[in-house]
Amino acid sequence: MRFIMPSVAELFSGFIGLFYPNLCVACHSEPAKSGSCFCMVCFGKLPKSDMFLYPENEVTNRLWGRLPVQFGASRYYFYKKSPIQGAMHALKYRNRPDIGMLLGQEFGQHIKSLPQFLSVDGLIPVPLHPKKERLRGYNQSERIAAGLSAATGIPVRTDLLVRRENRSSQTRKKRMARFGNAEGLYGINEGKALQGGHFVLVDDVLTTGATLEMCGQAILDIPGTKVSVVTLAVAMKTHF
Ligand SMILES: [Zn+2]
């Protein structure tokens, strides 16, 4: 009688396949807590923020004078070597769309009952360059928006704001009535526009805010529209 033994490579890949998805995305050594992408230690070290409770905060300050927002909110401070950097890296570069969903949902639980959230008509993820999205297989901001939507019940609108793939594309130009910003990078699909709506732009990390400013200005081209901004993290230069 002869047993068919799996090869060492098969055993190894089985082992990795069994445990890899449950490893902490920040330290890669400890198992992640149930329902989280972090282990207990890294979870405790997360640079959390309650800035979303305050009308003026790091998000609104950074966009001040450039994009008029109803409110701005973020859940984490992002700085190098913090656990949130590991999570954002995995979300963007290591095929882990589930992290966007998990963190978006967690944040959504905190902000769903805030009064400023009650008037929101839709969550608009910042569109990725279409080529980049094809390569990555998903748009990380859309996954975060999906998590926020699962917690708040507010629908995700991916049909309203579009990013041009090629600025000289005539087909795309015809599909879009106008581009509201100087760069002409983002535009509104006017057929889907909702006048007087309040939309929340969703992105992973707020750095200079240039992209959010362009997207927000494009949305504000729709008469009577209001814009707010929600990001998972705000990039900080120093650790405090
Ligand atoms: Zn960890």
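Everything below is about the structure printed above this text.
Just so you know, these numbers come straight off a predicted model, no measurement behind them.

A word on the coordination of the zinc ion. Taken together, the protein ligands of the zinc ion are C24 (SG), C27 (SG), C39 (SG) and C42 (SG), with distances of 2.3 to 2.4 Å. Metal-centred angles of 104 to 116 degrees between the 4 donor atoms at the zinc ion mark the site as tetrahedral. All donors of the zinc ion come from a single chain, and their spacing in sequence reads C-x2-C-x11-C-x2-C. Summarising the burial analysis for this pair, C39 and C42 share the class buried.

Opposite charge on two side chains permits pairing when their charged atoms draw close. The final tally for this structure, using the stated rule, is 6 salt bridges. Between E58 and R62 there is a salt bridge, and its shortest N-O distance comes to 2.9 Å. With a gap of 4 residues between them, E58 and R62 both fall in helix 3 (residues 58-63), about one helical turn apart. E213 serves as the salt-bridge partner of R66, at 2.9 Å between the closest nitrogen and oxygen.

You can see Y93 is positioned in helix 4 (residues 83-93). Using a relative accessible area of 53% as the deciding quantity, one classes Y93 as exposed. Considering only alpha carbons, one finds Y93 and R136, 43 residues apart in sequence, at a separation of 7.5 Å.

Moving on: the environment of V156. When you line up the elements, V156 lands in the loop between helix 7 (140-152) and strand 3 (161-163). Sequence separation between V156 and R143 is 13 residues; the distance between their C-alpha atoms is 9.8 Å. Those residues within four positions of V156 in sequence are excluded, and the remaining contacts are L123, P125, A145, A146 and S149.

Here the focus is the nonpolar core. Core analysis: the largest hydrophobic core is formed by 37 residues, its most contacted members being F38, I84 and L103. Taken together, the elements giving at least two residues each to this core come down to strand 1 (72-78), helix 4, helix 5 (97-111), helix 7, strand 5 (198-206) and strand 6 (226-235). With 5 residues, the single largest contributor to this core is helix 4. Inspection of this core shows a minimum of three residues originating in each of domain 1 (1-45) and domain 2 (46-235). Excluding its chain neighbours within four sequence positions, the residues that come into contact with L103 are C37, F38, Y76, I84, A87, M88 and L232. If you look at the next biggest cluster of nonpolar residues, it comprises 25 residues, including V59, L67, V126 and Y186.

Further remarks concern helix 7. The terminal C-alpha atoms of helix 7 lie 18 Å apart, and with 13 residues this matches the ideal 18 Å at 1.5 Å per residue to within 8%. For helix 7, the full list of buried residues reads Q140, S141, I144, A145, A146, G147, L148, S149 and A151. Contact partners of the buried residues in helix 7: helix 4, helix 5, strand 2 (122-125), helix 6 (130-136), strand 5 and strand 6. Where helix 7 ends, the next residue or the one after it, G153, has phi of about 85 degrees, a positive value.

This brings us to the layout of surface pockets. Here the largest pocket defines a volume of roughly 520 Å³. Around the largest pocket, the lining is made up of 27 residues, and of these K92, Q140, D203, D204 and V205 lie nearest the centre. For the lining of the largest pocket, the elements supplying multiple residues, two or more each, are helix 4, helix 6, helix 7, strand 5 and helix 9 (210-220). For the lining of the largest pocket, the per-class residue count stands at 12 nonpolar, 9 polar and 6 charged.

Attention now goes to the sheet that holds strand 1. Neighbouring strands of a sheet are bound in pairs by backbone hydrogen bonds; such pairs are parallel or else antiparallel. Sheet architecture is open: 4 strands sit in the order 1-6-5-2, paired in parallel fashion. The open sheet terminates on both sides in strands that have one partner only, identified here as strand 1 and strand 2. Averaged over neighbouring strand pairs, the angle between their axes works out to 20 degrees when direction is ignored. Contacts between helix 7 and the sheet are confined to strand 2, strand 5 and strand 6, with strand 5 contributing the most and set at about 125 degrees to the helix. Against the sheet, helix 9 makes contact with strand 2, strand 5 and strand 6, and its axis sits at roughly 170 degrees relative to strand 5, the strand it touches most.

Conventions adopted
- Residues numbered from 1 in each chain as written.
- Predicted model: local features only at pLDDT ≥ 70, side-chain atom pairs only at ≥ 80, totals over all residues.
- Heavy atoms only, no water.
- Donors = N, O, S within 2.8 Å, 3.2 Å for Na, K, Ca; no water.
- Tetrahedral: all angles 85-135°; square planar, octahedral: opposite > 155°, others 65-115°.
- Buried < 20%, exposed > 50% of the residue type's maximum accessible area, 1.4 Å probe, protein only.
- Salt bridge = Lys/Arg side-chain N within 4 Å of Asp/Glu carboxyl O.
- Helix = DSSP H or I, 4+ residues; strand = E, 2+ residues; numbered from the N terminus.
- Contact = heavy atoms within 4.5 Å.
- Core = buried A, V, L, I, M, F, W, Y, C linked by side-chain atoms within 4.5 Å.
- Domains from an automatic or database assignment.
- Expected span 1.5 Å × (residues − 1).
- 1 Å grid on protein atoms, 1.4 Å probe; cavity = no way out; pocket = protein on both sides within 12 Å on 5 of 7 lines; lining within 4 Å.
- Points joined across faces, edges and corners; volume = space filled by probe spheres on them.
- Nonpolar A, V, L, I, M, F, W, Y, C, P; charged D, E, K, R; others polar.
- Pairing = 2+ DSSP bridges.
- Axes fitted to C-alpha atoms, helices over the stretch in contact; angles between N-to-C directions.

Shape descriptors only; they carry no functional weight alone.
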